[in-house]
Amino acid sequence: MARNARSGSRLDTVLFAVCGAFSLVFAGVLPGNLREAFAAGLRRTVVAPLVSLQRRAELSRSAFLTHDQVTAQRDSAAIRTLSVIALESENERLRKLLGLGAQLRWGFIPAEAIHSADARGHANAEEYTIALTAGSNVGVQPFSPVVAPEGLAGMVQTVDPTMSLAITWANPDFRVSAMTADGSAFGIVQAHLGSGPNRPERYLLEMRGVPFRSTLQPGTLVVSSGYGGVYPEGVPVGTILGEIKTSETWARTYLVRPAVSPPKLSSVMIIQPQRAKAGVKNVWTSAVAADSATRRVVAAGDSAARAAAMAEVAARRAALDSSPARADSARRASAAVAPRPSGAATPPGASTSAPAAPRPAAPSPPRAADTTARPAATPRADSAPPRTPPAVAPRDTTRAAIPVVTP
Amino acid sequence: MSFNASLRLAVAFGILVVLNYTLRPLLAWRTPVDFLIIALLLAAVRVRPGAAAVIGCLMGLAADSMTPESLGWGALAMTAVAFGASWLKPVFFADNLLLNGLFFFLGKWCYDLLFTIGQQRTHGAELVMQALVWSPLSAAVTALAGVVLLVLLRPLLETSPA
């Protein structure tokens, strides 16, 4: 019995010594590459299931830990997406404005619209007037039309050196002589005051004094007629919604959906009187289709379209440089578009200190170089002259005169 | 030890090994619970010292395969701890949770000391910090977990009256 115990104890000691020696061999004797090979062999065979378990556990832990982080990132992404939508909207608005500036070419002053607020600080829903961040210092004059890329917004009423106040079409005093896009019917457009407690129709226009023989279909585009000396011809005012019954039995009155929403106004163009006289028919075109006109305006502000225009201008400039006879006219054109202190894009020859009537048309024929020095589609850029700067605004003298409303 | 007891011990041993590679990475504490030491000590007090040394050596090699740079030191430490635990089983093999807790604590601390000193990767203050702060903390956590597991696995580990 005692011998068995002693032999067992001896065996235990031997096993312990062998195991210890075995471990020491791995710990200190074997070279690194052999130890690595042995460990790799263990990891691939005996310990492989345990390694897999450990990896899954660590993955689970990291997934658990990153859950909150991922949620926070997802929320941040959602917030960023919201701001992207706002940025896209602003980008589209500014692009439209650039397009409008490129179409107008000269004689306009860009301005930001500051909406008035009531005594409680809320935005004025009626939007009778808006403040504009441009004043007489940059050439704003009273009774200048205020337009947006979509169409007519209002008219400058009061001018200060650094800012001005404009009435919008929602103002009860607003009037504009208007006609249908095809010129078949004329009338006076004014704010529709509506009726009832909530006056839901308050945000519409009405076209009064349309001859009884003229029946207008819903969707017909209404543009300014150019009569009255304030608003140039061809600025979209709105679209016909339908006829409304009034006490006037000798003329029709139509409800018009305005092209511009005053509460959404942010950036506008103030058209200088001489530019209004020169006409803006080519800006919104004849507006047979308002959508296509808007698309054209937007396309003018498109960077790709701008790049193509610049390439065309460069080609023309190269052609001009090759012709000594045209060099002089090119120089004159360059001098005409030299930087001016005024913020307004002015016609050639127009003095910035005295923005009076434009000069008569230049004696030379329209030159290709007229557009060379102009940075295209930049609203505040100094613009090149129009092809034929008219001394007076073009008028369709064949039309019957209609009552002119002086604001 | 009967076959039945050996089988139950093997099951408990397997559970603890699996816990070491699943629960321990999930918890990822600074002072981790060493389920391998708990399993080794539970097995060591139930077998002869020589068998305990072999078990410790094999377990140490398996554990060291995850860290090849310290291959062998873990095996050596586990061999020593298992052999010592098996020799000391008359002292600690009482049905007293506090004594068993102390048993786990000493086993884990000794293992950490042997492993740290043998590996020779830490020196000076860091070695003192490891030996006197982190290792005892880890040993305490391991002892606590060992006691809890001992209670939970009591039906599996209690020796049947032969």
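What you are looking at is a predicted structure, and each value in this text was computed from that prediction instead of being measured. (Residues numbered from 1 in each chain as written. Chains lettered and ligands numbered in written order. Predicted model: local features only at pLDDT ≥ 70, side-chain atom pairs only at ≥ 80, totals over all residues.)

Sheet strands pair via backbone hydrogen bonds, and the direction of the pair is either parallel or antiparallel. All names here are of chain A. Strand order in the closed barrel made by the 6 strands is β1-β2-β5-β4-β3-β12, with antiparallel pairing throughout. Adjacent strand axes in the sheet meet at a mean angle of 40° when their direction is disregarded. Sheet topology note: the strand β1 (residues 108–115)/strand β12 (residues 267–271) ladder contains 5 bridges and is antiparallel. Each residue of the ladder has a partner; that of isoleucine 109, found in β12, is isoleucine 270. Contacting β1 and β12, helix α3 (residues 48–104) crosses the sheet at an angle of about 15° to β12. (Pairing = 2+ DSSP bridges. Helix = DSSP H or I, 4+ residues; strand = E, 2+ residues; numbered from the N terminus. Axes fitted to C-alpha atoms, helices over the stretch in contact; angles between N-to-C directions. Contact = placed C-beta atoms within 7 Å.)

Quick look at the interface of chain B and chain A now. If you look at the interface, chain B gives 26 residues, while chain A gives 27 residues. Considering each element in turn, the side of chain B that touches chain A owes the most residues, 9 residues, to helix α3 (residues 49–64) of chain B.

Our focus in this paragraph is unusual backbone geometry. Backbone geometry follows two general trends: most residues other than glycine have a negative phi, and most peptide bonds adopt the trans configuration. One non-glycine residue, Phe143(A), adopts positive backbone phi at about 65°. Among the secondary structure elements, Phe143(A) is positioned in the loop between β2 (129–132) and β3 (145–148). A residue is classified by how many C-beta atoms lie within 10 Å of it, and Phe143(A), with 16 of them, is partly exposed. One non-glycine residue with positive phi stands out, namely Gln120(B), at about 55°. Mapping Gln120(B) onto the fold places it in the loop between α6 (97–119) and α7 (124–152). (Buried ≥ 20, exposed ≤ 12 C-beta atoms within 10 Å, placed from the backbone.)

Across soluble globular proteins, you tend to see nonpolar side chains buried next to one another. Leu152(A), Val237(A), Val268(A) and Ile270(A) are the most contacted members of the largest nonpolar core, which has 61 residues in total. If we skip the residues at most four places from it in the chain, Leu152(A) touches Pro145(A), Val147(A), Trp169(A), Val176(A), Ser224(A), Tyr231(A), Val235(A), Pro236(A), Val237(A), Ala259(A) and Val260(A). In terms of nonpolar packing, the next biggest core, distinct from the first, is built from 58 residues, Tyr21(B), Leu41(B), Met59(B) and Tyr111(B) among them. (Core = buried A, V, L, I, M, F, W, Y, C linked by C-beta atoms within 7 Å.)

All right, on to α7(B) then. All names here are of chain B. Look at α7: 40 Å from first C-alpha to last across 29 residues, which is about the 42 Å you get at 1.5 Å a residue. Maximal helix bending in α7 amounts to about 35°, located at glutamine 130. Of the residues making up α7, those classed as buried are Ser135, Ser138, Ala139, Val141, Thr142, Ala143, Ala145, Gly146 and Leu149. Looking at the buried positions of α7, the neighbouring elements they touch are α2 (35–44) and α6. (Expected span 1.5 Å × (residues − 1). Bend = angle between axes of the 7 residues up to and from the residue.)

Residue and element names in this part refer to chain A. Spatial ordering of the closed barrel is given by β6-β7-β8-β11-β10-β9, a layout of 6 strands whose pairing is antiparallel. When the angles between neighbouring strand axes are averaged without regard to direction, this sheet yields 45°. Pairing of strand β6 (residues 175–180) with strand β9 (residues 221–224), which is carried by 3 bridges, proceeds in the antiparallel orientation. Following the sheet pairing, threonine 180 is matched in β9 by valine 222.

Residues and elements named next belong to chain B. By the secondary structure assignment, valine 147 is in helix α7. You can call valine 147 partly exposed: it has 19 C-beta atoms within 10 Å. For valine 147 and leucine 102, which are 45 residues apart along the polypeptide, the C-alpha to C-alpha distance reads 9.4 Å. With sequence-adjacent residues up to four places away left out, valine 147 is seen in contact with Leu97, Asn100 and Gly101.

The axes of two packed helices give the description: the angle between them and the distance between them. All names here are of chain B. Helix α4 (residues 73–87) packs onto α2 with a crossing angle of 40° between their chain directions and a minimal axis gap of 8 Å. It follows from the interaxial angle that α2 and α4 lie oblique. In the crossing of α2 with α4, the sense of the turn from one axis to the other is right-handed. Every residue of α4 that contacts α2 at Leu40, Leu41 and Ala44 is listed here: Met78, Val81, Ala82, Ala85 and Ser86. (Parallel < 35°, antiparallel > 145°, perpendicular 65-115°, else oblique. Left-handed = near helix turned anticlockwise from the far one by under 90°.)

What follows is about the confidence of the model for chain B. Residues at a pLDDT of 70 or more form 94% of chain B, whose mean pLDDT is 88. Complex prediction metrics read pTM 0.47 and ipTM 0.87. (pLDDT = per-residue confidence, 0-100.)

Moving on, we get to the pairing of strand β10 (residues 236–244) of chain A. For a regular strand, side-chain orientation follows a simple rule: the groups alternate between the two sheet faces. All names here are of chain A. Here 3 bridges tie β9 to β10, and the two strands are oriented antiparallel to one another. Its bridge partner lying in β10, valine 222 is registered against glycine 238. As judged from the 6 bridges shared by β10 and strand β11 (residues 251–258), these two strands associate in the antiparallel manner. Directly across from isoleucine 244, in β11, lies its bridge partner threonine 253. Hairpin geometry of β10 and β11 is characterised by an intervening segment of 6 residues between the two adjacent antiparallel strands.

It helps to recall that an α-helix has 3.6 residues per turn; residues three or four apart then point in one direction. All names here are of chain A. Maximum bend of α3: about 40°, positioned at threonine 66. Looking only at α3, the buried set comprises Leu50, Leu97, Leu98, Gly99, Leu100, Gly101, Ala102, Gln103 and Leu104. Phi turns positive one or two residues past the end of α3, at arginine 105, with a value near 75°.

Where α3(A) meets helix α1 (residues 3–27) of chain B, the closest approach of the two axes is 8 Å, and the angle between their N-to-C directions is 20°. One finds that α3(A) runs roughly parallel with respect to α1(B). Between α3(A) and α1(B) lies a crossing whose hand is right-handed. Contacts between α3(A) and α1(B) involve Leu50(A), Leu53(A), Gln54(A), Ala57(A), Glu58(A), Ser60(A) and Arg61(A) from the former and Val18(B), Tyr21(B), Thr22(B), Pro25(B) and Leu26(B) from the latter.

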